[in-house]
Amino acid sequence: MAKNLNKNLHSAKTNKKDEFYTQLADIENELKHYKDHFRGKTVFCNCDDPRVSNFFHYFSHRFESLGLKKLIATCYKNQDVDLFSTHESEKAVMLVYEGDKNGDRVPSAEEIGVTPLQGDGDFRSAESIALLKEADIVVTNPPFSLFREYVAQLMEYDKKFLIVGSMNAITYKEIFTLIKENKLWLGYGFAAGNAYFKTPHEKEFATGVYNPETGLVKFRNVHWFTNLDHSKRHEDLDLYKTYTPEEYPKYDNYDAIEVSKTKEIPADYAGAMGVPITFLDKYNPDQFEIVGMSASAGYNAEIVGLPFLGEKDARPLLNGKNTYARVFIKNKKLQGGEAGAQSQEP
Ligand SMILES: C[S@@+](CC[C@H](N)C(=O)[O-])C[C@H]1O[C@@H](n2cnc3c(N)ncnc32)[C@H](O)[C@@H]1O
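Residues numbered from 1 in each chain as written. Predicted model: local features only at pLDDT ≥ 70, side-chain atom pairs only at ≥ 80, totals over all residues.

Let us now look at the overall build of the protein. Across its full length, the protein carries nine helices and 18 strands. Residues counted as buried form 36% of the 346 residues belonging to the protein. Residue pairs at least 24 apart in sequence account for 68% of intrachain contacts in the protein once pairs closer than 6 positions are excluded. (Helix = DSSP H or I, 4+ residues; strand = E, 2+ residues; numbered from the N terminus. Buried ≥ 20, exposed ≤ 12 C-beta atoms within 10 Å, placed from the backbone. Contact = placed C-beta atoms within 7 Å.)

Shown next as structure tokens:
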């Protein structure tokens, strides 16, 4: 499956085929945890063709119950019309919805303002940025291939957001730095960690990844990224294991112990611990501090967050053998006090 997954992401990158449409049920499942954030707010879906975007559908149909002020969606008109059948010769447009006017409680065509855009609807265009400035919260599934740039723009304009992205993005230096600084975190996530998207590019995918009956393509490492607070983020991870040097060996090249499963984080270890990246799905900033991350052979002190005690390979090594990418964390509740001092190995 990992092989198929890589193939998916690779093809998304190299061919710039970013046409994966989010399902309404997935949007509903995630958005139900953030309802309080939306009252009186302007929502902008800036990578959304309203003809196919369930984000537009979701917000227009829940406009009143969420208490929205305004909904804006813009769609991207790709230059390469041959590649994007759904975008053929159509102009990029902007849609604005400001709530039900005729009392039927559903968004009807005459209530939705449609304005052609002058440019191609690129989220980086001046037109789109002007709308971004007006918006309070951006909610969408942006192109995977431009994720880094997309997040940088949200940060530049200091926007609240809830967006879909690949878990691979966590290992990007820029994204990880935001995670470490608690400026961006994971949302609730997709059911059982699997995301299914509609795609017009079904021929690109291996059997088992694309289901011709449902028309859906499966991704296993996709998540929601946000800076909207939610309750899961404040739930303590239940720690039931006790530290022993045998069960939790130290890396050759870092003063940190290897914890290969998030649920096995020892309750009584105050020093640095290397955990899988999926730990971030359970991360509560009141319980743990993120010290850094090691995912590649080159050492970057700012990202790794721990002094490098090795010679060359900066990936976390155990007896010369590479482990997977690791996030380094410390248990906040054991810092500074007596418990922390006692729990350290001699
Ligand atoms: C992963 S798809 C998701 C579409 C939609 N947001 C959804 O969730 O169903 C990303 C969308 O971004 C559009 N896109 C690609 N490059 C873009 C850009 N530079 N600016 C705005 N949209 C872009 C693609 O055409 C594609 O429809």
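Moving on: the pairing of strand 15 (residues 288–294). For strand 15, the buried fraction is high: five of the seven residues fall into the buried class. Pairing geometry for strand 15 and strand 18 (residues 326–331), over six bridges, is antiparallel. Note on strand 18: the bridge partner recorded for serine 294 is arginine 326. (Pairing = 2+ DSSP bridges.)

Bringing the site of the ligand into the picture now. Around the ligand, 21 residues are found, and the nearest of them are Tyr21, Thr22, Cys47, Tyr76 and Asn141. Elements with a minimum of two residues in the shell around the ligand: strand 1 (21–22) and helix 3 (54–61). Its residues assigned to classes, the shell around the ligand comprises nine nonpolar, seven polar and five charged. (Near = placed C-beta within 6 Å. Nonpolar A, V, L, I, M, F, W, Y, C, P; charged D, E, K, R; others polar.)

Here the focus is the sheet that holds strand 11 (residues 216–219). Taken in spatial order, the four strands make up an open sheet running 1-9-11-10, and their pairing is antiparallel. Since the sheet does not close on itself, it has two edges, and those belong to strand 1 and strand 10 (210–211), each with one partner. Bridge count between strand 10 and strand 11: two bridges; the pairing is antiparallel. In the strand pairing of strand 11, tyrosine 210 is matched with valine 217.

With that settled, consider helix 2 (residues 24–31). Regarding helix 2, the residues found buried are Asp26, Ile27, Glu30 and Leu31. All buried residues of helix 2 project into a common sector of 120 degrees when viewed along the axis, lining one side. Away from the buried face of helix 2 by more than 90 degrees, exposed residues Ala25 and Glu28 are located. Where the residues of helix 2 are buried, they touch strand 1, helix 3, strand 9 (195–198) and strand 12 (222–226). (Arc of directions from axis to C-beta.)

Glancing now at the sheet that holds strand 12. The strand order across the open sheet built from eight strands is 5-4-3-2-6-7-12-8, with neighbouring strands paired in mixed fashion. Single-partner strands in this sheet number two, and they are strand 5 (112–116) and strand 8 (185–186). As paired elements, strand 2 (residues 42–45) and strand 6 (residues 137–140) share two bridges and run parallel to each other. Counted as the bridge partner of phenylalanine 44 is valine 138 from strand 6.

This next bit is on the environment of glutamate 30. Along the polypeptide, glutamate 30 turns up in helix 2. Spatially, the C-alpha atom of glutamate 30 lies 6.3 Å from that of tyrosine 188, the residues being 158 residues apart in sequence. If sequence neighbours within four positions are ignored, glutamate 30 has contacts with Gly187, Tyr188 and Trp224.

Let us now look at the packing of helix 2 against helix 3. It is the contact of helix 2 with helix 3, at a shortest axis distance of 9 Å, that shows an interaxial angle of 55 degrees. Our classification of the angle between helix 2 and helix 3 gives oblique. Note that helix 2 runs across helix 3; the crossing there is right-handed. Listed contacts from helix 3 to Leu24, Ile27, Glu28 and Leu31 of helix 2 are Asn54, Phe55, His57 and Tyr58. Classifying every residue of the contact of helix 2 with helix 3 gives five nonpolar, two polar and one charged. (Axes fitted to C-alpha atoms, helices over the stretch in contact; angles between N-to-C directions. Parallel < 35°, antiparallel > 145°, perpendicular 65-115°, else oblique. Left-handed = near helix turned anticlockwise from the far one by under 90°.)

Right, let's talk about unusual backbone geometry for a bit. At aspartate 158, a position not held by glycine, the phi torsion is positive, near 55 degrees. With respect to the helices and strands, the residue aspartate 158 is situated in the loop between helix 6 (147–156) and strand 7 (160–166). On the basis of neighbour count, aspartate 158 is assigned to the exposed category, with 8 C-beta atoms found within 10 Å. Backbone geometry at alanine 192 places phi at a positive 55 degrees, although glycine is not the residue there. Tracing the backbone through its elements, the reader meets alanine 192 in the loop between strand 8 and strand 9. The exposed category is assigned to alanine 192, around which 7 C-beta atoms lie within 10 Å.

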